[in-house]
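# Residue-level structure breakdown
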Amino acid sequence: QVQLVESGGDLVQAGGSLRLSCTASGTIWKINDMGWYRQAPGKQRELVAGITSGGSTHYGDSVKGRFTISRDNARSMVYLQMNSLKPEDTAVYYCTANIEKYKVAAARDYWGKGTLVTVSS
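Residues numbered from 1 in each chain as written. Predicted model: local features only at pLDDT ≥ 70, side-chain atom pairs only at ≥ 80, totals over all residues. Heavy atoms only, no water.

### Here we look at unusual backbone geometry
Positive phi values are uncommon outside glycine, yet Ser76 reaches one of about 55 degrees. Along the chain, the position of Ser76 falls in the loop between strand 7 (67-72) and strand 8 (77-82). For Ser76, a relative accessible area of 21% corresponds to the partly exposed category. Unusually for a residue other than glycine, Ser84 sits at a positive phi of about 50 degrees. (Helix = DSSP H or I, 4+ residues; strand = E, 2+ residues; numbered from the N terminus. Buried < 20%, exposed > 50% of the residue type's maximum accessible area, 1.4 Å probe, protein only.)

This is how it looks when you write it as structure tokens:
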């Protein structure tokens, strides 16, 4: 099985920083794109940041300039450094990865169960 497990969610004050981590484990041949999504109460899940296997990044408009995504391929991990946090950043943050489980298998998306980030004013 492939598992993605997030960590680092916490309660922080507005203007503070937080670093989320996600570790992929299990039978993995190759990890392609990885990313972070978030879902706030009553809202749809939205893309926060994505990163390709080559290191190209993409950010949602609401977090550009404040968040930074990175990855450590040797550890099968992806990170999200969040700075200048705002109350509207409050959400459950989900890690996702497109993974080839076996060399002969097609790649598909996997999701973590999420980690809660709460930003107080």
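### Observations concerning the packing of aromatic side chains
Scanning the entire structure with this criterion turns up one aromatic pair. When the ring centre of Tyr79 is taken as reference, the NZ or CZ atom of Arg19 above it lies at 4.0 Å. Directly above the aromatic system of Tyr94 lies the positively charged group of Arg45, at a separation of 3.8 Å from the ring centroid. (Phe/Tyr/Trp six-rings, centres within 6.5 Å; stacked < 30°, edge-to-face > 60°. Lys NZ or Arg CZ within 6 Å of the ring centre and 35° of its normal.)

### A closer look at the state of the cysteines
Applying the stated rule across the entire model yields one disulfide. Between Cys22 and Cys95 runs a disulfide, and the two sulfur atoms are separated by 2.1 Å. Residues Cys22 and Cys95 share a disulfide whose torsion about the S-S bond is about -80 degrees; that sign makes it left-handed. Of this pair, Cys22 sits in strand 3 (residues 18-26) while Cys95 sits in strand 9 (residues 91-100), placing them 73 residues apart in sequence. Cys95 carries the same exposure label as Cys22, and that label is buried. (Disulfide = S-S within 2.5 Å.)

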